[in-house]
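Each chain is listed here by its residues.
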Amino acid sequence: MATSIPKDQLALLRDFVQLCKAQPLVLTLPELGFYRDWLVSIGGRIPEKPTSCHGTCPCDEPVNGNAAHHTHETPEPAKEHAKEPEPESEESDIELDTTGVIEPDNDPPQPTGDVDLEVTDEMVDESDEKRSQAQHAFSEGNMEEAIKLYTEAILKNPQSALLYAKRASVYVKIQKPNAAIRDCNRAIEINPDSAQGYKFRGRANRLLGNWEEGAKDLQTACKLDYDDQANEWLKEIEPNARKLAEHKHKRDIKKKEKELKERQERIRQVQEARKRAAEEQERFAASGGGGGGFQGGFPGGFPGGFPGGFPGGFPGGFPGGFAADDADEPADEPPGRTFTGEVIEHYRTRWTNLTPNLVQPAESKASWMAKEEAVVVTCWR
């Protein structure tokens, strides 16, 4: 059925279309959700909201009470700052005394015995005999024989931390630090207070150039059971260990300073983004967009008071009126009053069936009845 649309309403619609052409992202405003739904239903395409902002977009945060809607202009590239030198990662640039450092040994692991073996008194005696023979071989300078005899003693009594520490001392003597460390680890596992285990593991770490680990082990050995030889080895290793500790401390400070600067830069960028969003909101509002509405106040009322009626008194129709069955009209309300309940429902149903060119917002009946001062928002293609 043909309808007559007032010229002033057509002018408003023309302004709205021009605004959409100039700023397509206006269609992404939340309050125009009903209009987007209608456009999509007739095959229209809605521009997607850009996602150039990373993480939580400051453009969506309230500015003076309203959401800041703008065109998400490509942000200016951050000013390049002079690249800071990377934190020093190793001790390669530190002057260390590496005298006595040797290449690691890569022999297969030596026999260690079964720590869960049930050891009898007889086995303990046999183990002690082998240990005495090993000590004699060691004093005679026969290192291979000493290792062989200590191994036999360990197999007889694998629960003795002292035997592993003694064999480790022979491995240190023949400069097989990795083998010595394996024996010391077993000794400390069996007896966490094995001073001999820490002593010879500290010396083995010194031979490998593990200065900090070696110093820590030798310090522990001296605390558990002071030993002149362990203290002498500790003094030998402490200068290098101290240099490395100071170097790591400075590196940690630099790392924390760098992290702090990066965090401050991220905060600065967020603040700038918020400022741009506020400025864009002000420009958008000044150009007539956002909450300012169209001439006549959209949302805020077309000429004639919307909400409050189109020219001609809505309800009561446009000038010239809609063709409708007056018998279906509800009783007139006094001028200037709002309409609720069945009156709004009547006009909503009537408008929906009136013409395919009139569209209702996607609001439920309950929503309409809850808003006493709301009326049907109608847009034309």
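Reading the values: the criteria
- Residues numbered from 1 in each chain as written.
- Predicted model: local features only at pLDDT ≥ 70, side-chain atom pairs only at ≥ 80, totals over all residues.
- Heavy atoms only, no water.
- Helix = DSSP H or I, 4+ residues; strand = E, 2+ residues; numbered from the N terminus.
- Buried < 20%, exposed > 50% of the residue type's maximum accessible area, 1.4 Å probe, protein only.
- Contact = heavy atoms within 4.5 Å.
- Phe/Tyr/Trp six-rings, centres within 6.5 Å; stacked < 30°, edge-to-face > 60°.
- Salt bridge = Lys/Arg side-chain N within 4 Å of Asp/Glu carboxyl O.
- Expected span 1.5 Å × (residues − 1).
- Polar contact = N/O pair within 3.5 Å; in protein donor to acceptor, adjacent residues only side chain to side chain.
- Core = buried A, V, L, I, M, F, W, Y, C linked by side-chain atoms within 4.5 Å.

S.K.: What is the right way to read the overall build of the chain from this model?
M.R.: Broken down by element type, the chain carries 11 helices and 2 strands. Going from the N terminus to the C terminus, the chain shows its helices and strands as α-α-β-β-α-α-α-α-α-α-α-α-α. Classification of the 381 residues of the chain by burial places 35% in the buried group. Residue pairs in contact within the chain that sit at least 24 positions apart in sequence constitute 59% of those at least 6 positions apart.

S.K.: Would you take a moment to explain the packing of aromatic side chains for this structure?
M.R.: Geometry of an aromatic ring pair is reported as the spacing of the ring centres plus the angle between the planes. According to the stated counting rule, one finds 3 aromatic pairs in the structure shown. Ring-pair connections join several aromatic residues into one group, and the members of that group are F16, Y35 and W38.

S.K.: Where do I start with the pattern of salt bridges in this structure?
M.R.: If charged atoms from side chains of opposite charge come close, those side chains can pair. Scanning all chains against the criterion turns up 14 salt bridges. Between E152 and K148 there is a salt bridge, with its nearest N and O atoms 2.9 Å apart. With E152 and K148 both in helix α4 (residues 143–156) and 4 residues apart, this pair spans about one turn of that helix. Ionic pairing is found between E272 and R268, a salt bridge with its closest N-O pair at 2.3 Å. Residue E272 and its partner R268 are located together in helix α9 (residues 228–286), separated by 4 residues, close to a single helical turn.

S.K.: For this particular structure, what's the right way to read the environment of P108?
M.R.: Its place among the elements puts P108 in the loop between β2 (66–67) and α3 (121–139). Among the residues examined, P108 registers a relative accessible area of 66% and is labelled exposed. Sequence separation between P108 and A179 is 71 residues; the distance between their C-alpha atoms is 8.6 Å.

S.K.: For this particular structure, what's the right way to read α4?
M.R.: Every α-helical turn comprises 3.6 residues, leaving residues that sit three or four positions apart pointing alike. Here α4 is 14 residues long and its end C-alpha atoms lie 20 Å apart, about the 20 Å a rise of 1.5 Å per residue gives. Every buried residue belonging to α4 is among M143, A146, I147, L149, Y150, T151, A153 and I154, and all of these are buried. Next to the buried residues of α4 lie α3 and α5 (161–173). With a side-chain oxygen positioned 3.3 Å from the backbone nitrogen of E145, the residue opening α4 is N142.

S.K.: When you look at unusual backbone geometry in this model, what are you seeing that I'm missing?
M.R.: The general pattern is negative phi for most residues beyond glycine and trans for most peptide bonds. Unusually for a residue other than glycine, Q175 sits at a positive phi of about 60°. When its relative accessible area of 44% is taken as the criterion, Q175 is described as partly exposed.

S.K.: Just to check I follow, could you spell out the nonpolar core for this structure?
M.R.: Grouped burial of nonpolar side chains is what soluble globular proteins tend to show. In terms of nonpolar packing, the biggest core is built from 32 residues, with V170, V172, A180, F200, W211, L218 and I237 touching the most fellow members. Elements that contribute at least two residues to this core include exactly α3, α4, α5, α6 (177–190), α7 (195–208), α8 (211–224) and α9. Top element by residues in this core is α9. It accounts for 6 residues. Setting aside residues no more than four positions away along its own chain, I237 makes contact with R206, N210, W211, G214, A215 and L218.

S.K.: Help me out: how do you make sense of the side chain of N240 in this one?
M.R.: Within the secondary structure, N240 sits in helix α9. The exposure class of N240 is buried, given its relative accessible area of 5%. Residues within four places of N240 in sequence aside, it is in contact with L96, D97 and W211.

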